[in-house]
Amino acid sequence: MSKSIIDESYNKLIRGNKLFSDSRTFNDPEYFKKLSLGQKPDYLWIGCSDSRVPANEVTNTESGEIFVHRNIANLVVHTDFNLMSVLEYAVNVLEVKHIIVCGHYGCGGVRAAMTNKTFGLVDKWLRNIKDVYHRNQNELEQIMDIDKRSDRLTELNVMQQVKNLAETKIVQKAWHQGRGLVIHGWVYGMNNGLITELNTIHDNKEDLPEIYRYEFED
Ligand code: CO
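Of the protein atoms, only Cys 48 (SG), His 104 (NE2) and Cys 107 (SG) coordinate the cobalt ion, at distances of 2.1 to 2.3 Å. Sequence spacing of the donor residues for the cobalt ion, all on one chain, is C-x55-H-x2-C. With Cys 48 in strand E1 (residues 43-48) and Cys 107 in the loop between strand E3 (98-104) and helix H5 (108-113), the pair connects residues that are 59 residues apart, well separated along the chain. When sorted by exposure, Cys 48 lands in the same class as Cys 107, which is buried.

What the 5 strands build is an open sheet, ordered E2-E1-E3-E4-E5; its pairing is mixed. Each end of this open sheet is capped by a strand with a single partner; those strands are strand E2 (66-71) and strand E5 (194-201). Along the sheet, successive strands turn relative to each other by an average axial angle of 20 degrees, direction set aside. Direction of pairing for E3 relative to strand E4 (residues 182-189): parallel, over a ladder of 7 bridges. Following the sheet pairing, Val 101 is matched in E4 by Gly 185. Set on the sheet, helix H4 (residues 81-93) makes contact with E1, E2 and E3; between it and E2 the angle comes to about 170 degrees.

This paragraph deals with the packing of helix H6 (residues 122-135) against helix H8 (residues 146-166). In a pair of packed helices, the angle between the axes and the distance between the axes together describe the arrangement. Close contact between H6 and H8 brings their axes to 10 Å; oriented N to C, the two are set at 105 degrees. Taken together, H6 and H8 sit at an angle that is classed as roughly perpendicular. Facing Ile 129, Val 132, Tyr 133 and Arg 135 of H6, the residues of H8 in contact are Arg 149, Leu 153, Leu 156, Asn 157, Gln 160 and Gln 161. Looking at the contact of H6 with H8 residue by residue, the class counts come to 5 nonpolar, 3 polar and 2 charged.

About the thresholds
- Residues numbered from 1 in each chain as written.
- Predicted model: local features only at pLDDT ≥ 70, side-chain atom pairs only at ≥ 80, totals over all residues.
- Heavy atoms only, no water.
- Donors = N, O, S within 2.8 Å, 3.2 Å for Na, K, Ca; no water.
- Helix = DSSP H or I, 4+ residues; strand = E, 2+ residues; numbered from the N terminus.
- Buried < 20%, exposed > 50% of the residue type's maximum accessible area, 1.4 Å probe, protein only.
- Pairing = 2+ DSSP bridges.
- Axes fitted to C-alpha atoms, helices over the stretch in contact; angles between N-to-C directions.
- Contact = heavy atoms within 4.5 Å.
- Parallel < 35°, antiparallel > 145°, perpendicular 65-115°, else oblique.
- Nonpolar A, V, L, I, M, F, W, Y, C, P; charged D, E, K, R; others polar.

Spatial relationships are all this shows, so hold off on functional conclusions.
Shown next as structure tokens:
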């Protein structure tokens with residue numbers, strides 16, 4: 001790649017930013033001044049890093065509306081201090097009302113996890129999806145078409161991550177305090193831009209094995 005091509009692709013972002021800033025202030029000169037006062041989003045989004053699934057664009061929302069965490073294949077891993085810090089801040093400080101785990105059909109991470117190939121460090125991360133596969137092996141292996149099988153694994157993976165969130169102390173404490181926190185599992189179709197709602201958990205009585213339930217003193 002020549003230097004001029006690199007410069008052009010880079011400069012596109014700087015020009016785009018100027019257009020963005022101008023367009024927002026065109027209708028509302030106070031737009032950024034208001035945003036800079038603070039954030040109070042109602043939603044935490046846990047999505048895939050895939051460039052084709054941007055939280056604000058696919059939900060037609062604006063800056064300030066969604067607190068976002070993205071990683072490969074939208075996983076909720078209880079030892080991930082990055083995600084857990086985001087979750088704690090979103091639930092306890094921002095007091096979001098909804099947590100959305102959004103997977104997407106055609107997910108490269110899910111596809112990679114279905115193979116026996118090694119890819120590097122990400123193998124350890126994808127191991128979490130292999131566990132979901134193994135738990136649902138009978139159902140999945142009845143699906144002969146590999147694209148359809150990976151799409152079903154994408155759905156099962158999202159539903160598992162919703163449960164993983166329900167198993168955290170952060171979420172259970174919020175429920176204990178009577179805050180109406182709802183966790184939603186979504187899958188996004190890149191071929192039509194539409195979201196399908198998969199599962200919802202809004203208290204710890206639903207679909208949460210006893211062993212994962214915490215008791216709170218206060
Ligand atoms: Co993906």
